[in-house]
Amino acid sequence: MNVDTIIIGGGHNGLVCAAYLAKAGKKVTVLEAADQVGGAAATREFAPGYRASVAHLLYLLDKDISKELALESYGLRMAKSGLKTIALAENGKHVSISSDAVEGADLSSEDKAAYREYRRFMSKFAGIFSGLHNKIPPRITRERSDMIALGKMALNVRMLGRDDMRELLRIGAINIYDVLKENFDDPLLRGALSLDAVLGTNSGPRSNNSVFTALHRMSGNNGGAAGDVSIPLGGMGAVTEALAAAARKAGAEILTGSPVSSILLDGDDVKGVQLANGEQIAASVVVSNADPKTTMMSLLRARHLEAGFAWKFGNIRASGSAAKLHLALDGLPDFKGASQEQLGERLVIAPNVEYVERAFNHSKYGEFSSHPVAEITIPSIHDNSLAPDGKHVLSAIVQYAPRNLGAGWSESKREFADTVMNTLSEYAPDIRDKVVASELLTPEDIETDFRMAGGHWHHCELSLDQFLMLRPVPKSAQYRTPVEGLYLCGAGCHPGGGVMGSAGRNAASVVLAQ
Amino acid sequence: MRTVNITNSDHHKNAVYPSPFHSRQEQHNQLREWSRWSDYLSVPAYWCESMEYFSGRNACGVFDVTPMVKHLVTGPDALPYLNRLMTRDVRKIKPGRVGYSVWCDDNGQVIDDGTIFHLREGVYRICSQEHQIDWFLTNALGFDVNITEDTHDVAGLALQGPTSCAVLKEMGLQGVENLTPFGLTYFDFEGIELMVSRTGFTGDLGYELWVDPDHAELLWDRLFEAGKTRGIRAMGSNALEMLRIEAGFILAGADFLPAMEAVRPSHTRSPFEIGLGWLVSFEKGVFNGRKALLEEKENGSRYHLVKLDIDDNKAAKDSFVFTKKGKYAGTVTSAMWSPSAKASIALASLDAPHGKPGEEFEVEIYYQRELKWSRVMAPCRVVQDVFWNPPRRRQTPPPDF
């Protein structure tokens, strides 16, 4: 078999990249290991009649990509947009957070005003990052194009104005704990906002650059308010199915059930891939949507790289801490003090910022949290395709569940599931009675099922030292690798994970520019 | 003594060890002076460095090379591992052979030079000037290979000079005369294995002997017993320094700065910039520095390391090199008055494009006569041939003396 371009992995970035390359006339083949496209952004049946997506909320999907690939024409709709965040309180006195206001029985007017100001400056700062998503990170060279790109970045920061620029420089690399403490008094509000900074990361509210991760979450060019949250109709799989349809329409071929076992070389140049079944496919360009570590250390192998470079790839921090819980429910659970309408929003268990930090403490020492934090949705409230009539699906990200658990996950998974259910029961006492089936995916499961080294949904930890021209490592941060013809297009590249698509789009533009 | 247990937190307190030959070195060391070489005590000069130098050229000198840092590389991937690490094609170093090589970082800058001993099929010893275990282990990522530093497990003696082969035969090493340059072989020595390689750092006929440290003193005694009618003499590091400059051999830390020690990027050197382009094989596939070196080959080097023949009788130590018009061209890295070549000779690092054979310069030599400093601008030229290169260095069997 002989094609122009092979894409390893049919996750959302691989599909975006395939669609753009095929539109530009390349003969593209996407090789997906699983039996359906989408990776962790697929909608899967986890119990008979019940479906859920590992990536369950859409924050970041780039509106240019949606438009350029005409995703709506392939059936992509939102079941619900502009989700509020309900910060759950054990006593039922929840705080409701939306993009422009915050409400709660015990909230002071100072906190309400502070929230508007917090949103103002955080949205403005997030805008700096939004502007970078669809750009190739500049290299630190003396070349004109790099100098201009770096200059533009600096100019954008300066254009914030004196006070805001000073504030960005002050808080940009520090931790969210301090910033929330400066701005708010209400523990519940602080807790919920701190969760935004640490979801999906291997860090706590007091870890360095957790303000940056909070900004990243708000930086999507999604067409809504900064950090706007949506639930796609049909689950996240609807996004990747639409992307796959767009790619196929443009002429790309997508082969599922085709795991790649190695990248083949001819001297310095890539010459194709070998599948797990031994079949070889020749191509002069291979774009990998697999995470950078898997791509370079397992598929290409370190021996084909110069040692200093291989060492950098080996040292990429990519250890997931987020587990995923799917519950099949035979009716809506009763969350204390939450209205029926509120159950359809984004529910978070992060009663105060110290609670979140304590939950993180366990993971530093290879333990799971005794009192986990959670981001919960019940998407079946908005989308009856996900569960049988009158039944529901609860989907929750639960932290912290470190990839490398001291006791090992096979020993501890049941115990962790119990811990999570206990925590949920504190807020929804009847939840155990409603569960008809469940699925818990630890980072180890996520690593195995979705072939992500470390089970990290960003592929590489999202932090300032692994961002922009440092992501995944210097000299490979422009989607190219030292191997001629081998490119990276996944979440491990700029601008990172979350279902955004920009990495795939940027990679395609680099491939096309060669 | 055996490999140091570095988990012992006190190991730094006695980081400089007496060599396994120490008791014998002590007997010969009339000047009672000791220096440090890597982890060991070494002798700069036993009695008279000139006499020791001449034993290396006219008879034979014995130099303790135990302090050389040694590594053992084994395992199924030993060869691919070394071929990625080294600039030269290690596949060409067959079992029983030794190869000189350099290794670079990803920027193509030389980290160190050393010798690769292919001891047995798939078993290699790497000798280096600097400690390399950290870099060697860094390189092991993704290879099924076992790397240990075994400096303290092997005692080494260099026996260098025209009578060296005869002395070894006298000691009972039958057939040692058939060993070709850069060959290695094994002999029985008092019931244990003695490895002999026809290698050295003097550019002359010479051998290196490698043995278990427990047998080190016995080896020394047998050697001196066998060599007593052939002018054998213990040789210090000062004499070796003279011998190696005459042979045109470069020294890490003198003629180039090991890349891992450099703070200023422009102060390191690529293999091409220290005259070792012949050690770079672009045909063998990926190796550390390959991309950068291909680029350098295309675009040109920044420096050239050259041999200078100086019209003067003084050593041009630490001198600046100027063009005939008085423009800065580079600096001398090693220099001496060569007793064998009867010339003032030097190795110098010149800024490219300087350094073509026959190109003429002036070196600025500062010298002292009875505490009075003077300066001379001595004319010199770049030469291609090494200053000392006797046929016996290559002859097998070597001529008897």
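Residues numbered from 1 in each chain as written. Chains lettered and ligands numbered in written order. Predicted model: local features only at pLDDT ≥ 70, side-chain atom pairs only at ≥ 80, totals over all residues.

## A word on the overall build of chain A
Our working definition: Here a strand is any run of E in DSSP of at least two residues, a helix any run of H or I of at least four, and the numbering for each starts at the N terminus. Here the radius of gyration uses the C-alpha set of atoms, whereas the globule reference equals 2.2 Å times the residue count to the power 0.38. Exposure criterion: with C-beta atoms placed from backbone coordinates, a residue whose C-beta has 20 or more other C-beta atoms within 10 Å is buried, one with 12 or fewer is exposed, and one in between is partly exposed. A pair of residues counts as a contact when their C-beta atoms, built from backbone coordinates, are within 7 Å of each other.
When helices and strands are counted, chain A shows 17 helices and 20 strands. Expected size for 514 residues packed as a compact globule is a radius of gyration near 24 Å; at 22 Å, chain A falls within 12% of this value. Over its C-alpha atoms, taken along the principal directions, chain A stretches across nearly 65 × 55 × 45 Å. Put simply, chain A has 514 residues, and 55% of those count as buried. Partitioning the intrachain contacts of chain A with sequence separation of at least 6 by distance along the chain shows that 74% fall at a separation of at least 24.

## Examining unusual backbone geometry
Omega for the peptide link from Q399 of chain A to Y400 of chain A comes to 5°, which places this bond in the cis form. Position of Y400 of chain A relative to the elements: it lies in the loop between β18 (392-399) and α14 (409-427). Here the residue pair H494 of chain A and P495 of chain A is connected by a cis peptide bond, since its omega of 0° sits within 30 degrees of zero. Look at N209 of chain A: it is not a glycine, yet its phi comes out positive at around 45°. Within the fold, N209 of chain A resides in the loop between α7 (187-198) and α8 (210-217). Of note in this structure, D318 of chain B is not a glycine but carries a positive phi near 55°. Positionally, D318 of chain B belongs in the loop between β14 (303-310) and β15 (320-322).

## As for the sheet that holds strand β6 (residues 85-87) of chain A
All names here are of chain A. Using the following cut-off: One requirement defines pairing of two strands: DSSP has to find at least two bridges between them. Between N-to-C directions, angles span 0 to 180 degrees; the directions come from axes that are lines fitted to C-alpha atoms, helices contributing only their stretch in contact.
If you walk across this open sheet you meet the eight strands as β8-β7-β6-β16-β17-β18-β15-β19, and the pairing is mixed. The sheet is open, and its two edges are formed by β8 (102-104) and β19 (435-441), each paired on a single side. Neighbour-to-neighbour, the strand axes of this sheet turn through a mean angle of 20°, independent of strand direction. Relative to strand β16 (residues 346-349), β6 runs parallel, the two being bridged by three bridges. Considered in β16, the bridge of I86 is made with L347. Each of β6, β7 (95-97), β8, β16 and β17 (373-377) is contacted by α7, which is oriented at about 130° to β6, the strand it contacts most.

## Here's the deal with the nonpolar core
To keep things clear, this is the line we draw: For the purposes of this analysis, a nonpolar core is taken to be any set of buried Ala, Val, Leu, Ile, Met, Phe, Trp, Tyr and Cys residues that are connected through C-beta atoms within 7 Å.
In this structure, A18, A19, L243, A247 and A507 of chain A are the most contacted members of the largest nonpolar core, which totals 163 residues. Counting residues in each nonpolar core, the second largest holds 103 residues, with Y124, V154, I365 and W388 of chain B among its members.

## Describing helix α7 (residues 237-246) of chain B
Residue and element names in this part refer to chain B. Counting buried residues in α7 gives seven out of 10 residues, a clear majority hidden from the surface. Within the sequence span of α7, burial applies to A239, L240, M242, L243, R244, I245 and E246. Here the buried face of α7 lies against α2 (49-58), β3 (60-64), β16 (328-338) and β17 (343-351). Positive phi appears at G248, one or two residues downstream of α7, with a value of about 75°.

## Topic: the environment of P67 of chain B
All names here are of chain B. Tracing the backbone through its elements, the reader meets P67 in the loop between β3 and β4 (69-74). For P67, a count of 20 C-beta atoms within 10 Å puts it in the buried group. When the C-alpha atoms of P67 and R36 are compared, they prove to be 9.3 Å apart, with 31 residues separating the residues in sequence.

## Digging into the domain arrangement of chain B
All names here are of chain B. The cut-off we apply is this: Residue ranges assigned to each domain were obtained from an automatic or database domain assignment.
Entries for chain B in the domain assignment read domain 1 (12-66 + 154-246) and domain 2 (302-387). For domain 1 and domain 2, the distance between their C-alpha centroids amounts to 31 Å. Counting residues at the interface gives six residues for domain 1, matched by 10 residues for domain 2. Counting residues per element, the ones that place at least two in the side of domain 1 that touches domain 2 are α2 and α7. When residues of the side of domain 1 that touches domain 2 are assigned to their parent elements, the largest contribution, three residues, is made by α7.

## Brief notes about the interface of chain A and chain B
A common way to express how large an interface is: the accessible area buried when the components associate. Counting residues at the interface gives 14 residues for chain A and 14 residues for chain B. Looking at the side of chain A that touches chain B, the elements that each hand over two or more residues are α10 (292-301) and α11 (307-314) of chain A. Looking at the side of chain A that touches chain B, the element that brings in the most residues is α11 of chain A, giving six residues.

## Some thoughts on the pairing of β3 of chain B
All names here are of chain B. For β3, the tally of buried residues reaches five of five residues, placing the bulk of the element in the interior. Side-chain alternation along β3 places C60, V62 and D64 on one buried face and G61 and F63 on a second face that is also buried. In this sheet, strand β13 (residues 232-234) lies alongside β3 in parallel orientation, the contact comprising three bridges. Along β13, the bridge assignment pairs V62 with A234.

## Thoughts on the environment of F322 of chain B
Residues and elements named next belong to chain B. Within the fold, F322 resides in strand β15. In this structure the C-alpha to C-alpha distance between F322 and C380, which are 58 residues apart in sequence, comes to 9.9 Å. Among residues more than four places away in sequence, those in contact with F322 are K327, Y328, A329, F361, E362 and E364.

## Focus on the packing of α7 of chain A against α8 of chain A
Residue and element names in this part refer to chain A. Using the following cut-off: In this scheme, roughly parallel covers angles under 35 degrees and roughly antiparallel covers those over 145, while 65 to 115 is roughly perpendicular and the rest are oblique. Polarity classes work like this: nonpolar for Ala, Val, Leu, Ile, Met, Phe, Trp, Tyr, Cys and Pro, charged for Asp, Glu, Lys and Arg, and polar for all others, with Gly in that last group.
Running from N to C, α7 and α8 cross one another at 85°; their axes reach a closest spacing of 7 Å. Regarding the angle of α7 to α8, the classification is roughly perpendicular. The segment α7 lies against α8, with D196, A197 and V198 engaging S210, V211, T213, A214 and R217. Along the lines of polarity and charge, the residues of the contact of α7 with α8 split into four nonpolar, two polar and two charged.

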